[in-house]
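Coordinate inspection notes
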Amino acid sequence: MTASDLPAGGQPDVSTDGTEAPFDDVITLSTSTGEDGAVTVTVVGEVDTFTAPVLRSSLDTQLEQQPRELVIDLSGVQFLGSAGLAVLVETQKSARARDVDLRLVATTRAVTRPLEVTGLIDLFTIVDSSAR
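Numbering of residues starts from 1 in every chain and runs along the sequence as written. In keeping with the predicted nature of the model, local features appear solely for residues at pLDDT of at least 70, side-chain atom pairs appear and are counted solely at 80 or more, and the whole-chain, interface and lining totals rest on all residues. The side-chain figures draw on all heavy atoms in the structure; neither hydrogens nor water molecules are used.

If you look the chain up in an unreviewed UniProt entry, it shows as Anti-sigma factor antagonist from Geodermatophilus tzadiensis. UniProt positions are given in the numbering used here, feature names are shortened, and annotations may be inferred rather than shown by experiment. Under Sequence similarities (unreviewed entry), UniProt gives the following word-for-word description of the chain: "Belongs to the anti-sigma-factor antagonist family."

Following this line, the structure appears as structure tokens:
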């Protein structure tokens, strides 16, 4: 592993809740809870067939806690594949069933383009940043 293989912080990427991504240099997940009880899951890397299950597991764990609001910050995502889109749709359905507000931070073309092309963008509340 060279320095160029490491993310900006200089440490290999690992997910936050003890579940390692199958390709741990492809995705990083971090979770924070605001004073208002809103939970933000920040995703950095690529969301594809290999990493989508890790994201799904993390989002399911957060939804089980029934936060007032769940924000998925995708501003650090460089690739959003069909498996990632499926996770977002499934999470939207789960959030709605639990009466949890779901918002996506989607600021890059890598995220907005797949949502637009598939027509899924209208299913989500899109915000510019996790600050509300």
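On we go.
1. Thoughts on the pattern of salt bridges
When a carboxyl oxygen of Asp or Glu is within 4 Å of a side-chain nitrogen of Lys or Arg, the pair counts as a salt bridge. Overall, the coordinates contain 5 salt bridges when judged by the stated rule. Measuring nitrogen to oxygen at the nearest pair gives 2.8 Å for the salt bridge that ties D36 to R68. In this pair, D36 is assigned in the loop between β1 (27-33) and β2 (39-47) and R68 in the loop between α1 (52-64) and β3 (69-80), connecting sequence segments 32 residues apart. For the exposure calls, accessible area comes from a 1.4 Å probe over protein chains only, and a residue counts as buried if that area is under 20% of its type's maximum, exposed if over 50%, partly exposed in between. In this structure D36 comes out as partly exposed when scored by relative accessible area, which is 41%. Among the residues examined, R68 registers a relative accessible area of 43% and is labelled partly exposed. Here R68 and E69 are joined by a salt bridge, their closest N and O atoms 3.6 Å apart. Taking relative accessible area as the criterion, E69 reaches 2% and is therefore assigned buried. Strands here are runs of E lasting at least two residues and helices are runs of H or I lasting at least four, both read from the DSSP assignment and numbered beginning at the N terminus.

2. Observations regarding the pairing of β2
Side-chain direction in a regular strand flips from residue to residue, so the side chains alternate between the two faces of the sheet. The criterion for strand pairing is that DSSP finds at least two bridges linking the strands in question. Across 7 bridges, β1 lies against β2 in antiparallel orientation. Within β2, the residue paired with L29 across the bridge is V43. Taken together, the 8 bridges between β2 and β3 define a ladder with parallel strand orientation. The residue bridging T40 from the neighbouring strand is V71, located in β3.

3. Some points on the environment of T40
By the element assignment, T40 lies in strand β2. Take T40: its relative accessible area is 9%, and that puts it in the buried class. Placed 29 residues apart in sequence, T40 and E69 show a C-alpha to C-alpha distance of 8.4 Å.

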